Amino acid sequence: MTSLERLAAHLSTELRGELPPAVRQTLALHLIDTIGAWIATAATAEARALKTFRAEQHGLAGNARDPALDVMINCALVRLSEIDDIHLASMTTPGAIVIPAVLTIAASLPANAGTLAAAILAGYEAMTRLGAAIDGPRVLYRGMWPSYMAAPFGVAAAAARLFDLSAATTAHALALALALGAPGVGYHSAPTTSRWLAAGSAARNGLLAAQAARAGLTADLAILDGPFLAGVYGITADAAALTEGLGQ
């Protein structure tokens, strides 16, 4: 069994039932903090540009709502705040990616509070574990952006939990999300940088990965254990970081 399959088994089968009070309280703090960051961006020039872009895309689609587009823009809106949470050991910012994605996807699903909590926890687990596996603090100084690379992975995990996918299907969603990831976007300092749109686009790819897996598409389940990351990105992944201490 690959590391992705072991993680998928945990995310799809064990994150059920009542969460411990301490975990629920921590999730609530991150949820409130992230929504605060979301609100804080509303009046910025970058937020207005992102909302204009979304409106134009909806117009091209006959004003039909597109959950993937909404995930992209909503995650971008939170991430541009630069006051979202950060997990230093993985050098990822999971809240800005996972929480708006979960809330956006769940808006069209019959999801209850327990499912939302489990989906957020799944996204945090996946994003921070992948960031740790690629040694996020180290690769950051090589010009890579750990949150950008881990965003599809985190959203795929969260969406798979919302969709109630099986362990096997969740594993393929995670593998496809890794295949759709990228290490970075370069350095941006423009007044309305495309960096945040890129982060949102990475989150959208995670939703697409889960939807594709749900439809029956499969991916390389050994992508993290094999030579792919080392050969393409020069990253020697610590696959054990993906599953060590699951449930703790």
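Look up a bit, the structure's there.
Predicted model, so just to flag it, every value in this text is computed and none were measured. (Residues numbered from 1 in each chain as written. Predicted model: local features only at pLDDT ≥ 70, side-chain atom pairs only at ≥ 80, totals over all residues. Heavy atoms only, no water.)

Chemist: For the packing of aromatic side chains, give the residues involved together with the corresponding values.
Modeler: Inspection of the entire model under this criterion finds three aromatic pairs. Judged by centre distance (5.6 Å) and plane angle (15 degrees), the rings of W145 and Y148 are stacked. Both residues of the pair, W145 and Y148, count as buried. Between W145 and W196, the aromatic rings sit 6.4 Å apart at their centres with planes inclined by 75 degrees, giving edge-to-face as the arrangement. Highlighted residues: W145 in the loop between α7 (136-140) and α8 (146-162) and W196 in helix α10 (residues 195-214), separated in sequence by 51 residues. For the residue pair W145 and W196, the accessibility class agrees, reading buried in each case. Every member of this aromatic cluster is reached through a ring pair, and the members are W145, Y148 and W196. The residue whose ring lies beneath R195 is W145, and the NZ or CZ to ring-centre distance is 3.6 Å. (Phe/Tyr/Trp six-rings, centres within 6.5 Å; stacked < 30°, edge-to-face > 60°. Buried < 20%, exposed > 50% of the residue type's maximum accessible area, 1.4 Å probe, protein only. Helix = DSSP H or I, 4+ residues; strand = E, 2+ residues; numbered from the N terminus. Lys NZ or Arg CZ within 6 Å of the ring centre and 35° of its normal.)

Chemist: Run through unusual backbone geometry, naming residues and quoting values.
Modeler: Although it is not a glycine, M91 sits at a positive phi angle of roughly 55 degrees. Structurally, M91 is set in the loop between α4 (67-79) and α5 (94-106). The residue D135 is not glycine, and still its phi comes out positive at about 60 degrees. Its place among the elements puts D135 in the loop between α6 (113-133) and α7. D135 sits in the partly exposed class, given a relative accessible area of 33%.

Chemist: Explain the pattern of salt bridges to me, using residue names and the numbers behind them.
Modeler: Applying the stated criterion across every chain, the model contains seven salt bridges. A salt bridge links D84 to R79; its shortest N-O distance comes to 3.5 Å. Looking at R79, the relative accessible area reads 7%, which means it is buried. For the salt bridge of R129 with E125, the shortest nitrogen-to-oxygen distance reads 2.7 Å. Of this pair, R129 and E125 both sit in helix α6, separated by four residues, roughly a single helical turn. The two residues R129 and E125 agree in class, both being buried. Among the charged side chains, a salt-bridge network with shared partners connects R79, E82 and D84. (Salt bridge = Lys/Arg side-chain N within 4 Å of Asp/Glu carboxyl O.)

Chemist: Could you give an account of the packing of helix α2 (residues 21-40) against α6, with specific residues and numbers?
Modeler: To characterise two packed helices, one gives the angle between the axes of the helices and the distance between these axes. Between α2 and α6, the least distance of the axes is 11 Å, while the angle of their chain directions is 80 degrees. Between α2 and α6, the interaxial angle falls into the category roughly perpendicular. Residues V23, L27 and H30 of α2 pack against A117, I120, L121 and Y124 of α6. Among the residues forming the contact of α2 with α6, the class breakdown is six nonpolar, one polar and no charged. (Axes fitted to C-alpha atoms, helices over the stretch in contact; angles between N-to-C directions. Parallel < 35°, antiparallel > 145°, perpendicular 65-115°, else oblique. Contact = heavy atoms within 4.5 Å. Nonpolar A, V, L, I, M, F, W, Y, C, P; charged D, E, K, R; others polar.)

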